[in-house]
Amino acid sequence: MAQLKVTLIHSAAHRLPKQRKIVEALGLNRVNSTVLQPDNEATRGALFQIAHLIKVEEVK
């Protein structure tokens, strides 16, 4: 199954509490931190909510 490489490019400070919780749940701590997440519907939905804060790349 494909993986998604998610990088936080903007700070989650001063964002809506829901968006901060999503960033934390994905395992992103600081700006420029990167995590690998599975490519599924739940992950895509979470990424859509914080799309303005992250950069996503597909890893095979």
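Everything here concerns the structure above.
Residue positions within a chain follow its written sequence, with the count starting from 1. Side-chain atom pairs in this predicted model are given and counted only at pLDDT of 80 or more, local residue features only at pLDDT of at least 70, and totals for whole chains, interfaces and linings cover all residues. The side-chain numbers reported here are obtained from all heavy atoms of the structure, hydrogens and water having been left aside.

**With respect to the pairing of strand 2 (residues 34–38)**
As a reminder, the rule being used: Here the term buried applies to any residue with accessible area under 20% of the maximum for its type, exposed to any over 50%, and partly exposed to those in between, with areas from a 1.4 Å probe on protein chains only. Where helices and strands are cited, they refer to DSSP runs of H or I of at least four residues and of E of at least two residues respectively, numbered from the N terminus. By this definition, two strands are paired if DSSP reports at least two bridges between them.
Burial along strand 2 is one-sided: Val35 and Gln37 are buried, and none of Thr34, Leu36 and Pro38, which face the opposite way, are. Where strand 1 (residues 3–8) and strand 2 come together, 5 bridges link them in antiparallel fashion. Along strand 2, the bridge assignment pairs Val6 with Val35.

**So, the sheet that holds strand 2**
Two strands in a sheet stick together by hydrogen bonds in their backbones, pointing the same way (parallel) or opposite ways (antiparallel). Put simply, the rule reads: Angles here are taken between N-to-C directions and fall from 0 to 180 degrees, while the axes themselves are lines fitted to C-alpha atoms, restricted in helices to the stretch in contact.
One open sheet accounts for 3 strands, arranged 2-1-3; its pairing is antiparallel. Of all strands in the sheet, those with a lone pairing partner are strand 2 and strand 3 (54–59), marking the two edges. Averaged over all neighbouring strand pairs, the angle between strand axes comes to 25 degrees, with direction disregarded. Bridging between strand 1 and strand 3 involves 6 bridges; their strand directions are antiparallel. When the bridges of strand 3 are listed, Thr7 appears paired with Lys55.

**What about the nonpolar core?**
So the rule is basically this: Only buried residues count toward a nonpolar core. Its members are Ala, Val, Leu, Ile, Met, Phe, Trp, Tyr and Cys residues joined through side-chain atoms within 4.5 Å.
Membership of the largest hydrophobic core comes to 14 residues, with the highest contact counts inside it found for Val6, Val23, Leu28, Ile50 and Ile54. Secondary-structure elements contributing two or more residues to this core are strand 1, helix 1 (17–25) and helix 2 (41–49). Top element by residues in this core is strand 1. It accounts for 3 residues.

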